[in-house]
Amino acid sequence: MGSAVSAITCPVASAHSPSLREGFISSQVQLWEDPAMTMQDSNQTQVNSVTKMQAGHDSSGPDAATQQLKPASKQNTDISEYEIVIPGVSEKNITLANPTKVELTCKLDENSNLKNPQVTWKRGSETISHTTKTQNSWTIELTISGSRELGSYTCILKAEKEVSATFHLHVPNIDGREKPIISYEGDRAVMVCKTEYNPKAWTWYMTNGTELVPIDKVFPMDKFQIKIPSVSLNRLEIVKLTKEDCGVYWCEAVFELGPSKSRFELRVLSITAPLKPFIAVVAEVAILVTTIVLYEVYSKSKAKGGEKEFDQIEELKSEDSITGRRK
């Protein structure tokens, strides 16, 4: 029995101190001497002995027993699962910011009248083979490592009729502003971009014809101020606005799987622009008042002219009457 124990502990003795070797031998002797000890207790004893050796000795490399005790990393085994039940919702948007593995499943509803369909997975014109298949579900597994794997994946079920469902894989959207930003000369314009994810980098652009010009590399930073309150939030402030600042601006967030953009339109008005409606109203009122006054003047002059003509007629009649009497 003693020779068996020494055979087991010999490799350990050559690698560690005598005190640790004695502890390890004593635990091994206990295993041999206690036949009633369960396999679980045996394993626990070995683990404890290895732990003690790690605490009392700093080896130049990882111990073989220690490597076996380390849990496997989950990073390579995590798979995100997405499912569409047919018939029902025919599209699903999937947001991906980092490389990952995904499973896309088309599942036929239990109450569906579609029996024994022929199922095809496609991305554009490319046909994709099933990864797994059951009686009423069909799954493909994808490794998304870059923007080239993003896009729309469609499962097509053909039987008495044809139905389909589509998964849209894309990078995160950037929250911007759909309506134009309207400001005035001399004022400040603020554009804010935000996302629920953490991009690697942010970039602001201004459109020059068909070209996007990076603001931080071309324009003066005292006028175009880029501020980053947080990783997921970015803002551009333009001070002392002029007519030349009008145009289309873009903010771009770069993720592991590719970039995402949001569009802004800036309109700069002159200071007199707010007064234009008021000036238009005043002009209309002035025209109306002038028209009324001219009409009143015309009416009065016409009335006076009519009275004068009537007096002249009456005077002529009186003269005719006097002349007839004389005759």
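Reference entry: report on the structure contained in this document. (Residues numbered from 1 in each chain as written. Predicted model: local features only at pLDDT ≥ 70, side-chain atom pairs only at ≥ 80, totals over all residues. Heavy atoms only, no water.)

**A short note on the overall build of the protein**
Inclusion rule: Here a helix means four or more residues in a row that DSSP labels H or I, a strand means two or more in a row labelled E, and each is numbered from the N terminus. For the exposure calls, accessible area comes from a 1.4 Å probe over protein chains only, and a residue counts as buried if that area is under 20% of its type's maximum, exposed if over 50%, partly exposed in between. The method behind every accessible area is Shrake-Rupley, applied with a 1.4 Å probe, and residues are considered shielded solely by the protein chains displayed.
Within the protein, the secondary structure is distributed over 6 helices and 17 strands. Within the protein, buried positions represent 28% of all 327 residues. For the protein, the computed accessible surface area is about 22200 Å², with 52% contributed by carbon and sulfur atoms.

**Focus on the side chain of Thr 154**
Rules: Counting of polar contacts relies on pairs of N or O atoms within 3.5 Å, with two restrictions inside protein: one atom must be capable of donating a hydrogen and the other of accepting it, and residues adjacent in sequence are counted only when both atoms are side-chain atoms. Any two residues having at least one pair of non-hydrogen atoms within 4.5 Å are treated as being in contact.
Along the chain, Thr 154 turns up in strand 8 (residues 151-158). For Thr 154, a relative accessible area of 17% translates into the label buried. Here the side chain of Thr 154 touches Thr 166 through a polar contact of 3.0 Å, side chain to side chain. If we ignore the near neighbours within four places in the chain, the residues touching Thr 154 are Thr 120, Trp 121, Lys 122, Ser 164, Ala 165 and Thr 166.

**Brief notes about the state of the cysteines**
Applied cut-off: What counts as a disulfide here is a pair of cysteine sulfur atoms lying within 2.5 Å.
Considering all chains together, one arrives at 2 disulfides under this definition. Here the protein pairs its bonded cysteines, counted in sequence order, in the arrangement 1-2, 3-4.

**What to know about the environment of Ser 270**
In this fold, Ser 270 is placed in the loop between strand 17 (258-269) and helix 6 (275-326). For the pair Ser 270 and Glu 185, spaced 85 residues apart in the sequence, the C-alpha separation amounts to 5.5 Å. In this structure Ser 270 touches Tyr 184, Glu 185 and Lys 243, once residues within four positions along its chain are discounted.

**Brief notes about the pattern of salt bridges**
Formally: Any Lys or Arg side-chain nitrogen located within 4 Å of an Asp or Glu carboxyl oxygen qualifies as a salt bridge.
Within the structure shown, the criterion is met by 8 salt bridges. For Lys 261, the salt bridge is made with Glu 252, and the minimal N-O distance between the two is 2.9 Å. Owing to a relative accessible area of 38%, Lys 261 belongs among the partly exposed residues under this scheme. Judged by its relative accessible area of 10%, Glu 252 falls in the buried class. A network of salt bridges, in which partner residues are shared, links Arg 188, Lys 227, Arg 235 and Glu 237.

**Examining the nonpolar core**
Our working rule: Side-chain atoms within 4.5 Å link the members of a nonpolar core, which is a set of buried Ala, Val, Leu, Ile, Met, Phe, Trp, Tyr and Cys residues.
With 47 residues, the main nonpolar core has Leu 104, Trp 121, Leu 157, Leu 169, Met 191, Tyr 249 and Leu 266 as its most contacted residues. Beyond its immediate sequence surroundings of up to four residues, Leu 157 is in contact with Ile 86, Leu 108, Leu 114, Pro 117, Gln 118, Val 119, Trp 138, Glu 162 and Val 163.

**Quick word on the packing of aromatic side chains**
To keep things clear, this is the line we draw: Working definition: a ring pair exists when centres of Phe, Tyr or Trp rings (six-membered ring for Trp) sit within 6.5 Å. Plane angles under 30 degrees give stacked, over 60 give edge-to-face, the rest tilted.
Taken as a whole and judged by the stated rule, the model has 3 aromatic pairs. Measuring from centroid to centroid gives 6.0 Å for Trp 121 and Phe 167, while their planes differ by 25°, and the two rings are stacked. One end of the pair, Trp 121, is in strand 4 (residues 118-123); the other, Phe 167, is in strand 9 (residues 162-170), with 46 residues separating them in the sequence. Across this residue pair, the class does not change: Trp 121 and Phe 167 are buried. Summarising the aromatic geometry, the rings of Phe 219 and Phe 224 are spaced 5.0 Å apart at their centres and angled 40° between planes, so their arrangement reads as tilted.

**Digging into the sheet that holds strand 14 (residues 224-230)**
Worth spelling out the cut-off: Strand pairing is assigned whenever DSSP identifies at least 2 bridges connecting the two strands. Throughout, an axis means a line fitted to C-alpha atoms (over the contacting stretch in the case of helices), and angles, computed between N-to-C directions, take values from 0 to 180 degrees.
Ordered by their spatial adjacency, 3 strands build an open sheet running 11-15-14, and the pairing between neighbours is antiparallel. Two strands in the sheet have a free side with no partner beyond their single neighbour: strand 11 (189-194) and strand 14. Neighbouring strand axes in the sheet, compared pairwise and without regard to direction, differ in orientation by 20° on average. Taken together, the 5 bridges between strand 14 and strand 15 (residues 233-238) define a ladder with antiparallel strand orientation. Following the sheet pairing, Ile 226 is matched in strand 15 by Leu 236.

**Thoughts on unusual backbone geometry**
Cis rather than trans, the peptide bond between Ile 86 and Pro 87 has omega equal to -5°. Examined against the element boundaries, Pro 87 turns out to sit in the loop between strand 1 (79-86) and strand 2 (91-95). Of note in the backbone geometry, Asn 116 takes a positive phi value of approximately 50° without being a glycine. If you trace the backbone, Asn 116 turns up in the loop between strand 3 (100-108) and strand 4. Taking the relative accessible area as the measure of exposure, Asn 116 reaches 76% and is therefore exposed. The backbone phi angle of Lys 240 is positive, close to 50°, even though this residue is not glycine. Position of Lys 240 among the secondary structure elements: in the loop between strand 15 and strand 16 (247-255).

**Quick look at the pairing of strand 16**
Regular strands have side chains that alternate between both faces of the sheet. Taken together, the 6 bridges between strand 12 (residues 201-208) and strand 16 define a ladder with antiparallel strand orientation. Considered in strand 16, the bridge of Tyr 205 is made with Trp 250. Examined bridge by bridge, strand 16 and strand 17 share 9 bridges and lie antiparallel to one another. In the strand pairing of strand 17, Glu 252 is matched with Lys 261. Linking two consecutive strands that pair antiparallel, namely strand 16 and strand 17, is a turn of 2 residues.

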